[in-house]
Amino acid sequence: MMVHLRLLGPVEIDTDDGRSLPLGSGRIRTVAAALMSEVNQPIPMNRLIDLAWESEPPARARGVVHNHVHRLRRLLAGHAEIATRGQGYALVADPCAVDAHRFHRLVVEARKAEPPEAATLLRQALDLWRGEALADVPGERARRTLGTGLSQARLAARQKLGEELLLLGRYGELVTEATAWIIEHPLHEELTALLMRALQASGRQAEALDHYHRARRHLSEELGIDPGPALSQAYLAVLSGDRGATPRVPARPSATGPRTAPGGNTATASDRGSRPAPPTGVDQLPPALGDFCGRAQELAALDRHLDREPRPACVVLAGGGGVGKTTLAVQWAHQLKERFPDGQLFADLRGFGRSPRSAGTVLSEFLSALGVPERKVPDSVQERAALYRAQLAGRRMLVLLDNAGTADQTRPLLPATPGSLAVVTSRRRLSGLIVRDGATLVTVGALTSGDALQLLGNALGRQRIEAEREPTLALVEQCDHLPLALRIAAARLMAHPEWPLACWTQRLADERHRLHELSTHDGDLAVEANLYLSYRVLSSGAARLFRILGLHPGPCVGVRHAAALAGRDVEFTRGHLAELCDAHLLQEQAEGHYVRSELVRLYAARLGAAEEPRSEQDLAVQRLLSYLVQPGPEHG
């Protein structure tokens, strides 16, 4: 029997026969809403705890969440499954069972359809709503985190429906709908403009003008700005008094999309003469590397995402530490300056350091760069984010967010309207941005052999590497084609131009000292230090598995080998392997095996030797050997 999971209103779980499953009250609704929002996606325990408690969670928070999951499992038995995934849980169900998923699917279909069908599909999508999203979920943080995107999508769907009704000449229907919408969103200029045009076409000019002046007063009192182009154009059209003219649909959001006001309402971008423009020359991008080379495949993928319709508002560049994500992102951002003439913002979020930067701090800096006086920067993160998005609305700006640790750290910094673009780099895939925010993913891997040779040639001179071709190729392999390792090696060789490359490769050939050799006197400029940043944020179970895998001698590890080494069952181990893949410490192959670079293997072996008791290392090896000698199908 299929269940119906409802988020577009009070959180409810219904069955096909019309029964409503007794969900109860309190934090169990928060846990249920989180699992339903990201159906089939693993949600870490820490994220569930953060959503369930507004302030510092109690020591027993993990146990409370576990109990709620247990209750939900019993409630959903025979209808859907809640599976354990690593250090978290995933609700395994048909996505179409979630009303929010059906809503998004209908809206996407409507944007591809002709006006009559589009209006029908949008009606169906909006009819799924039964009030505010997650209306009965306790806690402002959970409702804001899980529901804001849904509410914004609902507003956009209403605007789209209004545009289709205007095109179809269904003016009376639009007047009824838009009048109700504007009561909820008095600062939304696009909706008011649609209502004015429908009233004009119906011969009700006085009412249209009354709505204009009411909206103008709201904008002045609440935001301190004048009406933007959409509302101003509608006003001029009404003043012209030409009822016979075909009403023109307001400009699409790419020109003047809705912006979020500090109070939670939305308004369109006003004309440049009606509000202060950002300071001339807002360009916070770091300088591009003069010897940047290669990355043709990744740059082509990024350009394809930028040119597609609809264009994603956010691109995530994910890859392991030292792989060159920031270098690539900065290079691409400089190439895009002409496409984003209103400026470029940059922030290093330090997501994997000991002191990650908060979204509130970065928002304050961005608002200052956009010309907002310090005294007008709100105190709360939510209000800062709203003001930030209002400043970006109607502008074409690029926002580069480097070294993001989590989706939640990044989400308040994303532009909310088309026209601007966020580029995010991270050691993780940030699946939350992809699933919930429509971001697209570009994976950044090691350099090709040709690009690695070009990097060394740029640093050491083509003549030097051509004269020692074989040692150069060996150096590229010993550095795992990793840009950070190659640049460190090049720096060492530049300091000793009299050294033959063969001398250096002989030093790196000793696995016991390779990581030490690939370091500089700057503590953070070392391969080992870079790998540590990825390792330190792993869950305890994934970190232990990573250390134990250091006992495995080869680059390829099967899930059953890993389970034998760790002494855990296969499914449990698979969850930790997935976490290591998300951190780009492993890479999953199509056939279910996992591969790692040689430098990662050496680092895991070093950690295992240092942190795992010798007795545990011996037991792990014995478990693996015992598994290998068992009769049965091929191991791995």
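The sections below set out a description of the structure shown in this document.

Let's talk about empty space enclosed by the protein
Inspection of every chain in the model, using the stated rule, returns one cavity of 30 Å³ or more. There is about 50 Å³ of room inside the largest cavity. Leu5, Ile13, Ala32, Leu35, Met36, Leu72, Leu76, Ile82 and Leu91 together form the lining of the largest cavity. Mapped by element, the contributors of at least two residues to the lining of the largest cavity are helix 1 (27–37) and helix 3 (61–76). If one sorts the elements of the lining of the largest cavity by residue count, helix 1 sits on top with three residues. For the lining of the largest cavity, the residue count by class is nine nonpolar, no polar and no charged.

Brief notes about the sheet that holds strand 11 (residues 421–426)
Spatial ordering of the open sheet is given by 9-10-11-8-12, a layout of five strands whose pairing is parallel. Among the strands making up the open sheet, the edge pair consists of strand 9 (344–348) and strand 12 (440–443). Looking at each pair of strands side by side, their axes are set apart by 15° on average, direction ignored. Note that strand 10 (residues 398–402) and strand 11 share four bridges and pair parallel. Bridged to Val399 within strand 11 is Ala422. On the sheet, helix 12 (residues 296–307) packs against strand 8 (314–318), strand 11 and strand 12 and is oriented at approximately 170° with respect to strand 12. Where helix 14 (residues 359–369) meets the sheet, it contacts strand 9 and strand 10, and its direction lies at approximately 155° from that of strand 9.

A few points about the packing of helix 1 against helix 3
Across the interface, helix 1 lies against helix 3 with an axial gap of 10 Å and an inter-helix angle of 70°. Compared by their axis directions, helix 1 and helix 3 come out roughly perpendicular. Together, Arg27, Ile28, Val31, Ala32 and Leu35 of helix 1 and Val65, His68, Val69, Arg71 and Leu72 of helix 3 make up the contact between the two elements. Taken together, the residues that form the contact of helix 1 with helix 3 break down as seven nonpolar, one polar and two charged.

Topic: a nonpolar patch on the surface
A surface patch of nonpolar side chains, amounting to about 350 Å² of accessible area, comprises Val621, Leu625, Leu628 and Val629. For Val621, the position within the fold is in helix 29 (residues 614–628).

Quick notes on the state of the cysteines
Chemically, a disulfide is nothing more than a covalent bond linking the sulfur atoms of two cysteines. Going through the model one piece at a time under the given rule, you end up with zero disulfides. No disulfide involves Cys556; its sulfur sits 11 Å from that of Cys581, the nearest cysteine.

Points about helix 3
Over its 16 residues, helix 3 runs 22 Å from end to end, which matches the ideal 22 Å to within 8%, given 1.5 Å per residue. Of all the positions in helix 3, only Ala61, Val64, Val65, His68, Val69, Leu72, Leu75 and Leu76 are classed as buried. The buried residues of helix 3 all sit within an arc of 135° when viewed along its axis, so they share a single face. Tucked into the core, helix 3 has its buried residues touching strand 2 (12–15), helix 1, helix 2 (45–52), strand 4 (81–85) and strand 5 (88–92).

Section: the layout of surface pockets
There is about 880 Å³ of room inside the second largest pocket. In this structure, the second largest pocket is lined by 34 residues; those nearest its centre are Gly322, Gly324, Thr326, Leu484 and Asn530. Those elements that place two or more of their residues in the lining of the second largest pocket are helix 13 (325–335), strand 11, helix 21 (483–495) and helix 24 (527–535). Ranked by the residues each element gives to the lining of the second largest pocket, the list is headed by helix 21, at five residues. For the lining of the second largest pocket, a count of residues per class yields 15 nonpolar, eleven polar and eight charged.

Structural notes on the environment of Ala296
Assignment of secondary structure puts Ala296 in helix 12. Under the relative-accessibility criterion, Ala296 is labelled exposed at 58%.

Some thoughts on the pattern of salt bridges
Tallying each qualifying case throughout the model produces 36 salt bridges. The salt bridge partner of Glu177 is Arg123, with a shortest N-O separation of 2.4 Å. Here Glu177, found in helix 7 (residues 171–184), pairs with Arg123, found in helix 5 (residues 115–127); they are 54 residues apart in sequence, far enough to count as distant. We note a salt bridge from Lys337 to Asp283, for which the minimum N-O separation is 2.5 Å. Here Lys337 is found in the loop between helix 13 and strand 9, whereas its partner Asp283 is found in the loop between strand 7 (266–268) and helix 12, with 54 residues between them in sequence. Residue class for Lys337 comes out partly exposed when judged on its relative accessible area of 26%. Using a relative accessible area of 36% as the deciding quantity, one classes Asp283 as partly exposed. Each of Glu38, Arg47, Asp408, Arg411 and Asp437 takes part in one network of salt bridges that share partners.

Calculation notes
- Residues numbered from 1 in each chain as written.
- Predicted model: local features only at pLDDT ≥ 70, side-chain atom pairs only at ≥ 80, totals over all residues.
- Heavy atoms only, no water.
- 1 Å grid on protein atoms, 1.4 Å probe; cavity = no way out; pocket = protein on both sides within 12 Å on 5 of 7 lines; lining within 4 Å.
- Points joined across faces, edges and corners; volume = space filled by probe spheres on them.
- Helix = DSSP H or I, 4+ residues; strand = E, 2+ residues; numbered from the N terminus.
- Nonpolar A, V, L, I, M, F, W, Y, C, P; charged D, E, K, R; others polar.
- Pairing = 2+ DSSP bridges.
- Axes fitted to C-alpha atoms, helices over the stretch in contact; angles between N-to-C directions.
- Contact = heavy atoms within 4.5 Å.
- Parallel < 35°, antiparallel > 145°, perpendicular 65-115°, else oblique.
- Patch = residues over 30% accessible without salt bridge, like charges linked within 9 Å, V, L, I, M, F, W, Y side chains within 5 Å.
- Areas by Shrake-Rupley, 256 points an atom, 1.4 Å probe, with all protein chains shown as cover.
- Salt bridge = Lys/Arg side-chain N within 4 Å of Asp/Glu carboxyl O.
- Disulfide = S-S within 2.5 Å.
- Expected span 1.5 Å × (residues − 1).
- Buried < 20%, exposed > 50% of the residue type's maximum accessible area, 1.4 Å probe, protein only.
- Arc of directions from axis to C-beta.

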